[in-house]
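Notes for the structure review
In case you want the letters, here they are:
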Amino acid sequence: MGMLATVINGLAIMDCLEKMGVTTRVQSAIPMNRSPSRSSSAARCATSRRAAWSSSSPARANPYFSTDTTAALRASEMHADIIMKATKVDGIYDKDPKKYPDAVKYDELTFIDALKQRLNVMDSTAFSLCLDNNVPILVFDLNDEHALSRAVHGEKVGTLVKN
């Protein structure tokens, strides 16, 4: 059920993106009709400037991989421009802002700094894959109804992690 819920979330995000005028395709490592799982399909999306949304739980296709690592793997395979990660806070902080009111938010961060500081917004394998394949990560607030639209349109939102 969890794997299907992850795909359903991807379909919901696809619907939102398409309402904003972004041609989108959802992909899944779980075989199902109308949801290609091959990286060649994702590469075709990228070359046609479509948003390819990879939405699959790691359990079926990649044991021991978190959803973050699976996202980094899929983004690397398809030479994605960016990973957009929606979370419960508006970016990456030096410590948990829900527990520590003095937490400091980063606007930008390098992968090396994120790994050295052991910032837990994503697991280290995901950060390393993105570092090695030069795929930036944008971390933004899931609860901000305009954050995704603003990010897609190039506005500064959340925290950008890059080389």
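All of these numbers come straight from a predicted model, not from anything done at the bench.

1. Topic: the overall build of the protein chain
Assigned secondary structure in the protein chain consists of 7 helices and 8 strands. Considering only contacts within the protein chain whose residues lie at least 6 apart along the sequence, 60% involve residues at least 24 apart. For the protein chain, the computed accessible surface area is about 9600 Å², with 52% contributed by carbon and sulfur atoms.

2. Digging into helix α6 (residues 124-133)
Looking at α6, one finds that the buried residues are A126, F127 and C130. Burial along α6 is one-sided: seen end-on, the buried residues are contained in an arc of 100°. On the buried face of α6, the contacting elements are α4 (67-77), β3 (83-87), α5 (111-116), β7 (137-141) and β8 (159-162). Near the N-terminus of α6, the side chain that reaches the backbone nitrogen of T125, with its oxygen 3.1 Å away, is that of D123.

3. Looking at the environment of D96
Structurally, the position occupied by D96 is in the loop between β4 (92-93) and β5 (105-106). Take D96: its relative accessible area is 33%, and that puts it in the partly exposed class.

4. Quick word on the environment of D81
Examined against the element boundaries, D81 turns out to sit in the loop between α4 and β3. Given the relative accessible area of 55%, D81 is considered exposed. Between the C-alpha atoms of D81 and I137, which are 56 residues apart in sequence, the distance is 9.2 Å.

5. Some remarks on the confidence of the model for the protein chain
For the protein chain, per-residue confidence averages 83 on the pLDDT scale, and residues scoring 70 or more make up 81% of the total. Below a pLDDT of 50 lies the segment residues 35-39, which in the model reaches 13 contacts outside its immediate sequence neighbourhood of four places, other chains included.

The rules behind these values
Residues numbered from 1 in each chain as written. Predicted model: local features only at pLDDT ≥ 70, side-chain atom pairs only at ≥ 80, totals over all residues. Heavy atoms only, no water. Helix = DSSP H or I, 4+ residues; strand = E, 2+ residues; numbered from the N terminus. Contact = heavy atoms within 4.5 Å. Areas by Shrake-Rupley, 256 points an atom, 1.4 Å probe, with all protein chains shown as cover. Buried < 20%, exposed > 50% of the residue type's maximum accessible area, 1.4 Å probe, protein only. Arc of directions from axis to C-beta. Polar contact = N/O pair within 3.5 Å; in protein donor to acceptor, adjacent residues only side chain to side chain. pLDDT = per-residue confidence, 0-100.

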